[in-house]
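Structure at a glance
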Amino acid sequence: MKDADIDADETDRLLLQRMAAGDRAALAVLYRSYHGRLCRFLSRLTRRADVIEEVVNDCFWIVWQKAGGFNGDSRVSTWIIGIAYRCGLKALRQRGDEPVDDENIPEDRIPSHDPGEDRELRDWLGKGMERLSADQRVVVELVYGVGHTLDDVAAIMQCPVGTVKARLFHARVKLRNVLPALAGDQLTQKESVP
Amino acid sequence: MKLTKDTDRDCARAWEAMPWVLQDSAPQEQSAWLTEHLAGCESCREEFAQQSRLRLALALPTDVQVDADAGLKKLLGRIDAADAEQAQPHVRNGSWFTRALVAAVLVQALGIGVLGVKLWSEDAVQSYRTLSQSTPAAMPGAIHVVPDTSMKLADWNTLLHSLQLQVVGGPNDVGAYTVVPAHAAGATDALQQLRSAHGIRLAEPATSGP
């Protein structure tokens, strides 16, 4: 674990201790700190903003209630994202997975500052992720987006490490087959070779 | 042939290493080895470039916009509501069935209480006595009488009737009855007549000691 991660985890643990004592200011700090990454993570499961908001709140409702029971076996972020993952799956089971197409996103939902290259990159990613199963999208997000290890992902998804490896492998094979074609010649030429 | 096999094995190793090198969580030696391999393998270079682009794209904030402040406000409202609900008395949370059940139990308890008080007050002035109960010692003019075993029931009834006596106890283990005169004033006469009557083995006042 990097030093920055250790510091962040220590801060999160302190916030959890304060929350266990009923400190709502600590809850607000932790909520804002995780909101962005949870929304991005959950957007790999569903594109519905209302469902994402509800799942984030369900997740923090549990975090608030169980803050005192956090045993510290894992990083706080692993614990919280694991709760969000399970809440997300539950919400999808209850409502049915109904991703919102980009065309249907209201104008005010699209960031006002979205440089063309980011938009292009986002579209490229979105089309690639569409080819993956929900579990594969989650693994790709957790490994590439959040930067979790295989052990962390296994803890979050509550499955063996071998299962995570298999999901990651199949996701990468699918993406390797579709992403270059989606990028087009122009994007391929833009890529610099390391 | 050997070269191809080695290349395949190295490419597989490079494939495995890419996510962790990109994460900056791979050991230094692994990162250095991958860099060296990429320099000589175009296929893996392309794959690594795509992986880098994938990581870059995944790092972008989501385009599904969710207002953090609005969400937090809702969460705090939910916590407030739960706290308020917890603070309310538990009975109020029950259904109409629970409330009806509680009312029925209260009415029953009230009824049992009233009935209990009434029965207790009646017991205090008991107006009857069973034959199995001991004869009250304080009954005025009571006489213990032991009729002969050969005495007929009809004779015994006639004698009691003629002397205006009433059996209030017995027979006990030795066959003694306790009788009382209808009028306390006639107790002495009744005693004398009993002692002289045919078929009576013993007649003694109940109040006198042995």
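Residues numbered from 1 in each chain as written. Chains lettered and ligands numbered in written order. Predicted model: local features only at pLDDT ≥ 70, side-chain atom pairs only at ≥ 80, totals over all residues.

1. Description of the overall build of chain B
Convention followed: Helix numbering and strand numbering both begin at the N terminus, where a helix is a DSSP run of H or I of at least 4 residues and a strand a DSSP run of E of at least 2. Three classes are used. A residue is buried when 20 or more other C-beta atoms lie within 10 Å of its own, exposed when 12 or fewer do, and partly exposed in between, with C-beta atoms placed from the backbone. By the convention adopted here, residues make contact when the C-beta atoms placed from their backbones lie within 7 Å.
If you tally the helices and strands in chain B, you get 7 helices and 4 strands. Along chain B, helices and strands appear, N-terminal first, in the series α-α-α-α-α-β-α-β-β-α-β. Looking at chain B residue by residue over its 210 residues, the buried ones come to 18%. The long-range fraction of contacts in chain B, counting pairs at least 24 apart against all pairs at least 6 apart in sequence, stands at 60%.

2. Section: the interface of chain A and chain B
Note the following rule: Only Asp, Glu, Lys and Arg are considered charged in this grouping, and only Ala, Val, Leu, Ile, Met, Phe, Trp, Tyr, Cys and Pro are considered nonpolar; every other residue, Gly among them, is considered polar.
Contacts between chain A and chain B engage 39 residues on the former and 31 residues on the latter. Those elements giving two or more residues to the side of chain A that touches chain B turn out to be helix H2 (24–42), helix H3 (49–66), helix H5 (116–129), helix H6 (134–146) and helix H8 (161–190) of chain A. Residues belonging to the side of chain A that touches chain B are distributed by class as follows: 21 nonpolar, 7 polar and 11 charged.

3. Examining the environment of A:Ala134
Residue and element names in this part refer to chain A. Along the chain, the position of alanine 134 falls in helix H6. Among the residues examined, alanine 134 registers 16 C-beta atoms within 10 Å and is labelled partly exposed. Residues alanine 134 and leucine 45 lie 89 residues apart in sequence; the distance between their C-alpha atoms is 5.9 Å.

4. Focus: the confidence of the model for chain B
Residue and element names in this part refer to chain B. Basically, it comes down to this: Confidence per residue, as judged by the predictor, is encoded in pLDDT with a range of 0 to 100.
Counting all residues, the mean pLDDT for chain B is 83, and 85% of those residues have values of 70 or more. Mean pLDDT values over the elements of chain B span from 82, in helix H1 (residues 2–23), up to 93, in helix H2 (residues 28–40). Scored as a complex, the prediction yields pTM 0.61 and ipTM 0.78.

5. Here's the deal with the packing of helix H4 (residues 76–95) of chain A against helix H7 (residues 150–157) of chain A
Residue and element names in this part refer to chain A. The following threshold applies: Inter-axis angles, ranging from 0 to 180 degrees, are taken between N-to-C directions of lines fitted to C-alpha atoms, where helices are fitted over the stretch in contact. An angle below 35 degrees is treated as roughly parallel, one above 145 as roughly antiparallel, one from 65 to 115 as roughly perpendicular, and anything else as oblique. A crossing counts as left-handed when the near helix is turned anticlockwise from the far one by less than a right angle, and as right-handed when that turn is clockwise.
Relative orientation of the contacting elements H4 and H7 amounts to 40 degrees, with a least axis distance of 8 Å. On the basis of their axis angle, the class for H4 and H7 is oblique. The handedness of the crossing between H4 and H7 is right-handed. Contacts from Thr78, Ile81, Gly82 and Tyr85 in H4 reach Asp152, Ala155, Ile156 and Met157 in H7. The residue makeup of the contact of H4 with H7, split by class, is 5 nonpolar, 2 polar and 1 charged.

6. Some points on the nonpolar core
Our working definition: Defined on buried residues, the nonpolar core groups Ala, Val, Leu, Ile, Met, Phe, Trp, Tyr and Cys residues joined through C-beta atoms within 7 Å.
Within the largest apolar cluster, 55 residues are counted, with the highest numbers of intra-cluster contacts made by A:Leu42, A:Ile52, A:Val55, A:Val56, A:Cys59, A:Ile80 and A:Ala84. Ignoring anything within four residues of it in the chain, the contact list for A:Val55 reads A:Leu42, A:Ala84, A:Cys87, A:Gly88 and A:Ala91. Counting residues in hydrophobic clusters, the runner-up holds 12 residues, among them B:Ile143, B:Val145, B:Ala187 and B:Ala203.

7. So, the sheet that holds strand S4 (residues 200–205) of chain B
Adjacent strands of a sheet pair through backbone hydrogen bonds, lying either parallel or antiparallel. Residue and element names in this part refer to chain B. Quick reminder of the rule: In this analysis, strands are considered paired if DSSP registers two or more bridges between them.
What the 4 strands build is an open sheet, ordered S2-S3-S1-S4; its pairing is antiparallel. A single partner strand is all that each edge strand has here, and the edge strands are strand S2 (165–169) and S4. Recorded for the sheet is a direction-independent mean angle of 35 degrees between the axes of neighbouring strands. Across 4 bridges, the pairing between S2 and strand S3 (residues 177–181) is antiparallel. Bridging from a neighbouring strand, valine 167 pairs with valine 179 of S3.

8. Points about H2(A)
Which entries qualify depends on this criterion: The reported bend at a residue is simply the angle between two axes, fitted to the 7 residues ending at it and to the 7 residues beginning with it.
Approximately 45 degrees is the largest bend angle found in H2(A), and it occurs at A:His35. Those residues of H2(A) lying buried are A:Leu27, A:Leu30, A:Tyr31, A:Tyr34, A:Leu38, A:Cys39, A:Arg40, A:Phe41 and A:Leu42. Those residues of H2(A) hidden inside the fold are in contact with helix H1 (3–20), H3, H4 and H6 of chain A together with helix H4 (68–87) of chain B.

9. Observations regarding the pairing of strand S1 (residues 143–147) of chain B
All names here are of chain B. In terms of burial, S1 is a largely internal element, 4 of the 5 residues being buried. With 3 bridges connecting them, S1 and S3 associate as antiparallel partners. Across the sheet, the residue bridging to isoleucine 143 is valine 179, located in S3. Strand direction decides the pairing type here: S1 and S4, joined by 5 bridges, are antiparallel. Bridge pairing in S4 links valine 145 to alanine 203.

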